[in-house]
Amino acid sequence: MKITEIKKIEDCFDGSTVYGYTFDAVWTQDRIQQFRTLGNLDYFPDFPRPFFRVCQKNGVQIKGIQGDNNCRVIYPQKQKEVRKKEFEEAFMES
Amino acid sequence: MTIYLNNAASGWPRAEGVCEAMTLTLQTPPFHPGRVAGGCADVLTICRRGIAELVDAPDPTRIVLTTNATHALNLAFWGVKLNDHAHVITTVTEHNSVLRPLHHVRERFPGLRLTILPTNATGALDEEQFDQALEREPTLVVINHASNVTGRVNEVEQLFQKAKKAGAMTLLDASQSLGSIPISVKKIQADLIAFTGHKGLHGPAGTGALYVNPSLELEQVFVGGTGVRSDLMLHPANMPMRLEAGTPNMPSFAGLAAALRWYQKEGAAHAQKATELANRFREALMNIPKVKVFDGTAKVCRTPVISIQIAGWAVEEIGYVLAESFGIICRTGLHCAPLIHQAIGSAPEGTVRFSFSGFNTELEMETALDAVRRLAA
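All values reported here derive from a predicted model rather than from experimental measurement.

Basis of the calculations
- Residues numbered from 1 in each chain as written.
- Chains lettered and ligands numbered in written order.
- Predicted model: local features only at pLDDT ≥ 70, side-chain atom pairs only at ≥ 80, totals over all residues.
- Heavy atoms only, no water.
- Helix = DSSP H or I, 4+ residues; strand = E, 2+ residues; numbered from the N terminus.
- Buried < 20%, exposed > 50% of the residue type's maximum accessible area, 1.4 Å probe, protein only.
- Contact = heavy atoms within 4.5 Å.
- Lys, Arg positive; Asp, Glu negative; His and termini not counted.
- Charge placed at Lys NZ, Arg CZ, Asp CG, Glu CD.
- Buried area = accessible area lost by both parts, 1.4 Å probe.
- Salt bridge = Lys/Arg side-chain N within 4 Å of Asp/Glu carboxyl O.
- Polar contact = N/O pair within 3.5 Å; in protein donor to acceptor, adjacent residues only side chain to side chain.
- Nonpolar A, V, L, I, M, F, W, Y, C, P; charged D, E, K, R; others polar.
- Pairing = 2+ DSSP bridges.
- Axes fitted to C-alpha atoms, helices over the stretch in contact; angles between N-to-C directions.
- Phe/Tyr/Trp six-rings, centres within 6.5 Å; stacked < 30°, edge-to-face > 60°.
- Lys NZ or Arg CZ within 6 Å of the ring centre and 35° of its normal.

> Explain the overall build of chain B to me, please; I cannot follow it from the model alone.
For chain B, the helix and strand inventory stands at eleven helices and 13 strands. Along the first, second and third principal axes, the C-alpha set of chain B runs to 70 × 55 × 30 Å. Every one of the 377 residues in chain B was classed for burial, and the buried ones make up 56%. Restricting the contact set of chain B to residue pairs at least 6 apart, pairs at least 24 apart contribute 70%. Charged side chains of chain B number 33 positive and 35 negative; the gap between the two group centres comes to 1 Å.

Here it is in structure tokens:
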């Protein structure tokens with residue numbers, strides 16, 4: 001699963017650290033479950049379109065919908081660039 | 001299926017006839033409305049008359065057509081001749097379309113005193129502080145008719161009456177109220193009222209207006225082409241041309257004229273339905289554990305706007321899940337009204353805002369309610 005597009009997402013606050021990622025494949029249940037190794041996974045399979053949220057110890061949050069080929073990632077203000085690079089590199093290699 | 005509950009941002013769907021009127025204008029050779037003889041009024045005149053009628057203003061030439069409410073507010077702020085000795089009173093419930101221009105005016109005139117009134121514990125504007133502020137020679141009082149965050153309707157009739165007695169000019173931001181609640185220029189005692197066409201009227205974006213009381217002559221902010229009286233060196237001084245320059249957005253005003261026609265026939269019932277749906281939604285939300293409704297008391301007049309937070313969820317995340325998983329479009333964050341959140345207790349992240357229109361159905365309201373219940377479970 002590789003990143004095909006990266007978009008900075010603005011919100012109500014100056015200095016947003018939210019990014020939208022598009023991938024070359026969709027989030028399957030198996031792929032979502034793999035996030036358990038990265039952090040705390042909340043998975044809501046009974047929502048009309050299942051939602052997942054991963055909170056990593058380093059402050060990175062990943063949110064998406066099963067079946068979509070995109071997700072949102074919120075980076076912590078501190079070490080934002082380092083965490084962003086880590087996330088993006090992880091999906092370049094896989 | 002998409003459920004649209006973001007009508008406080010922009011009314012959708014557009015009113016009957018809007019798309020057709022806009023398309024027809026784009027497909028028809030342009031003409032200058034002031035230079036054509038003919039039996040029927042042009043769309044700009046229809047818009048002026050329609051808005052004047054809607055707000056009980058006797059003279060349509062006092063309705064200046066603008067691109068939006070922000071444009072109208074800027075015309076007012078820069079047109080009322082504020083200076084270093086002016087005292088402007090406004091409130092924490094205002095939108096950035098009021099707050100930002102005022103801060104820019106103060107940058108230009110550093111001596112200008114800007115009083116920003118807080119709300120009291122019930123969520124209403126603090127009248128005691130308002131009265132105190134009026135004692136300091138107010139130049140201009142600017143208040144929104146209804147909050148775009150909580151829907152609370154301010155008691156502007158009473159507040160403006162006091163402001164006029166204190167010698168201030170009065171400016172009403174009616175962005176959230178036009179189309180939702182009745183507005184009467186005569187009753188409100190507003191010298192200036194800013195409107196938008198794309199919210200409660202369900203007209204197209206890019207349309208708005210400023211009502212200017214006949215006793216006021218605003219300084220011209222934009223000057224230039226008018227299509228008529230081109231031999232004059234200076235921009236014409238008569239209203240409404242005095243405050244309108246450049247080619248107007250004719251397709252959008254044609255759309256607004258259609259929206260006003262629709263509103264004349266169906267507006268009252270439409271607004272009532274929206275209010276009923278919103279009231280029932282608000283009442284039901286207040287009974288869901290983990291859901292906090294901001295300024296949710298049923299005892300005040302409101303537009304169909306409800307702001308909430310759900311424990312355990314970030315507001316931005318709620319908006320994302322509602323849109324992407326449930327197909328419900330609402331709005332999250334500060335809603336361009338940054339100061340109210342401290343007052344109502346929703347700082348720093350703001351709220352999830354649901355805003356209804358008469359085009360919404362009971363089923364849509366129930367579906368949104370069910371979605372909130374599932375998030376709060």
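> It is not clear to me how the interface of chain B and chain A should be interpreted in this structure. Could you clarify?
One frequently used descriptor of interface size is the decrease in accessible area upon assembly of the parts. With 17 residues of chain B at the interface, the matching set in chain A holds 18 residues. Carbon and sulfur atoms supply 58% of the area buried between chain B and chain A, which totals about 1,400 Å² over both sides. Summed over the shared surface of chain B and chain A, the result is four salt bridges. Linking glutamate 317 of chain B and arginine 53 of chain A is a salt bridge whose minimum nitrogen-to-oxygen distance equals 2.3 Å. Connecting chain B to chain A are six residue pairs in polar contact (both at pLDDT 80 or more). Elements with a minimum of two residues in the side of chain B that touches chain A: helix 9 (315–324), strand 12 (331–333) and helix 11 (362–376) of chain B. Partitioned by chemical class, the residues of the side of chain B that touches chain A number seven nonpolar, five polar and five charged.

> Looking at this structure, how should I read the sheet that holds strand 9 (residues 291–293) of chain B?
By definition, the strands of a sheet pair up through backbone hydrogen bonds, in either a parallel or an antiparallel sense. Residues and elements named next belong to chain B. An order of 9-10-13-12 is seen for the four strands of this open sheet, with the pairing classed as antiparallel. Strand pairing shows two members of the sheet lacking a second neighbour, strand 9 and strand 12, which therefore form its edges. The mean inter-strand angle of the sheet, taken between neighbouring strand axes irrespective of direction, is 30°. Where strand 10 (residues 305–310) and strand 13 (residues 351–355) come together, four bridges link them in antiparallel fashion. Bridge pairing in strand 13 places serine 307 opposite arginine 353. This element, helix 8 (residues 250–285), spans strand 9, strand 10 and strand 13 of the sheet and lies at about 20° to strand 10. Strands strand 9, strand 10 and strand 13 of the sheet are contacted by helix 11, whose axis makes an angle of about 20° with strand 10.

> I would appreciate a short explanation of the packing of aromatic side chains in the present structure.
Remark: the centre distance and the inter-plane angle together describe each pair of aromatic rings, the angle taken between the planes. Applying the stated rule across the entire model yields 22 aromatic pairs over all chains. Plain terms: the ring middles of tyrosine 4 of chain B and tryptophan 12 of chain B are 5.7 Å apart, the flat faces sit at 65° to each other, and that makes the pair edge-to-face. Residue tyrosine 4 of chain B is classed as buried on the basis of its relative accessible area of 15%. Owing to a relative accessible area of 47%, tryptophan 12 of chain B belongs among the partly exposed residues under this scheme. Put simply, the rings of Tyr19, Tyr21, Phe23, Trp27, Phe35, Phe52, Tyr75, Phe87 and Phe91 of chain A pair up and form one aromatic cluster. Here the guanidinium or amino end of arginine 53 of chain A rests over the ring plane of tryptophan 313 of chain B, the centre of that ring lying 4.6 Å away. Lying over the aromatic face of tyrosine 19 of chain A, lysine 84 of chain A brings its terminal NZ or CZ to 4.8 Å of the ring centre.

> Explain the sheet that holds strand 3 (residues 40–44) of chain A here, please?
Residue and element names in this part refer to chain A. Within the open sheet, the six strands sit side by side as 1-2-6-5-4-3. Their pairing is antiparallel. Among the strands making up the open sheet, the edge pair consists of strand 1 (3–9) and strand 3. Averaged over all adjacent pairs, the angle separating strand axes in this sheet is 20°, with direction ignored. As judged from the five bridges shared by strand 4 (residues 51–55) and strand 5 (residues 61–65), these two strands associate in the antiparallel manner. Note on strand 5: the bridge partner recorded for valine 54 is isoleucine 62.

> Please clarify how the pattern of salt bridges should be interpreted in this entry.
Pairs may arise between side chains of opposite charge once their charged atoms sit close together. Residues and elements named next belong to chain B. Enumeration over the complete set of coordinates arrives at 22 salt bridges over all chains. As a salt-bridge pair, lysine 186 and aspartate 56 come within 3.6 Å of each other at their nearest N and O atoms. A residue pair is termed long-range when its members are at least 10 positions apart, and lysine 186 in helix 7 (residues 185–188) and aspartate 56 in the loop between helix 2 (43–54) and strand 2 (63–66) qualify at 130 residues. Its relative accessible area of 54% is what places lysine 186 among the exposed residues. The closest approach of N and O atoms between aspartate 370 and arginine 374, which form a salt bridge, is 3.8 Å.

> For this particular structure, what's the right way to read the pairing of strand 7 (residues 192–196) of chain B?
Residues in a regular strand point their side chains to alternate faces of the sheet. Residue and element names in this part refer to chain B. Extensive coverage of strand 7 is indicated by the burial of five of its five residues. On strand 7, burial covers both faces: Leu192, Ala194 and Thr196 on one face and Ile193 and Phe195 on the other are all buried. Inspection of the sheet shows strand 6 (residues 169–173) paired to strand 7 by three bridges, in the parallel sense. The partner of leucine 172 across the bridge, within strand 7, is isoleucine 193. With five bridges connecting them, strand 7 and strand 8 (residues 208–212) associate as antiparallel partners. Residue phenylalanine 195 lies in a different strand from strand 8, and its bridge partner there is alanine 209.

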